[in-house]
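# Residue-level structure breakdown
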Amino acid sequence: QVQLVESGGGLVQAGGSLRLSCAASGSISSINFMGWYRQAPGKQRELVAGVVTNGGSTNYADSVKGRFTISRDNAKNTLYLQMDSLKPEDTAVYYCNVRTRYGMPYWGQGTQVTVSS
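Residues numbered from 1 in each chain as written. Predicted model: local features only at pLDDT ≥ 70, side-chain atom pairs only at ≥ 80, totals over all residues. Heavy atoms only, no water.

### Describing the overall build of the chain
- From N to C terminus, the chain includes zero helices and 11 strands.
- When the helices and strands of the chain are placed in sequence order, the string is β-β-β-β-β-β-β-β-β-β-β.
- Computed over its C-alpha atoms, the radius of gyration of the chain comes to 14 Å, within 12% of the 13 Å expected for a compact globule of 117 residues.
- Viewed in the frame of its principal axes, the chain has a C-alpha envelope of about 40 × 25 × 25 Å.
- A buried classification covers 41% of the 117 residues belonging to the chain.
- Sequence separation of at least 24 residues holds for 52% of the intrachain contacts in the chain that already meet a minimum separation of 6.
- Surface summary for the chain: the accessible area is close to 6100 Å², and the carbon and sulfur share equals 48%.
- Distance between charge centres in the chain, computed from 11 positive and 7 negative side chains, equals 5 Å. (Helix = DSSP H or I, 4+ residues; strand = E, 2+ residues; numbered from the N terminus. Rg over C-alpha atoms; globule rule 2.2 N^0.38 Å. Buried < 20%, exposed > 50% of the residue type's maximum accessible area, 1.4 Å probe, protein only. Contact = heavy atoms within 4.5 Å. Areas by Shrake-Rupley, 256 points an atom, 1.4 Å probe, with all protein chains shown as cover. Lys, Arg positive; Asp, Glu negative; His and termini not counted. Charge placed at Lys NZ, Arg CZ, Asp CG, Glu CD.)

### Things to note about the side chain of Arg-67
- Along the chain, Arg-67 turns up in the loop between strand E6 (58-60) and strand E7 (68-73).
- Within the structure, the side chain of Arg-67 is placed 2.9 Å from the backbone oxygen of Ser-85, a separation counted as a polar contact.
- Of note is the side chain of Arg-67, whose polar atom sits 2.8 Å from the side chain of Asp-90.
- Apart from the residues lying within four places of it in its own chain, the contact partners of Arg-67 are Gln-82, Met-83, Asp-84, Ser-85, Leu-86, Lys-87 and Asp-90. (Polar contact = N/O pair within 3.5 Å; in protein donor to acceptor, adjacent residues only side chain to side chain.)

### Quick word on the sheet that holds strand E1 (residues 2-7)
- Strand order in this open sheet of four strands is E1-E3-E8-E7, and the pairing throughout is antiparallel. Strand pairing shows two members of the sheet lacking a second neighbour, E1 and E7, which therefore form its edges. Along the sheet, successive strands turn relative to each other by an average axial angle of 20 degrees, direction set aside. (Pairing = 2+ DSSP bridges. Axes fitted to C-alpha atoms, helices over the stretch in contact; angles between N-to-C directions.)

Take a look at the structure:
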């Protein structure tokens, strides 16, 4: 079992920045992927950014490349998403996600990000 607690969402003006955090606990050693998804009203949940724990390779949605940065602090078992140059279309509920080497997914509770124009 893995538990995820997110923080850092909020309201920001277009062009501003926010940093999301996701603290993981439990069976940390079984995690092989960590990522951030988002879901806007009326839309499907989409992968925003992800990192493979073994090797550290990252991937980003085209819509956020160059603006968002995913990172980890292994000592704190925490995943981050630095979001810069935010746009109104980035408004969504953001979810932390991890997958274990057994294929089991775990989700955070979600945090609202609202970008005003």
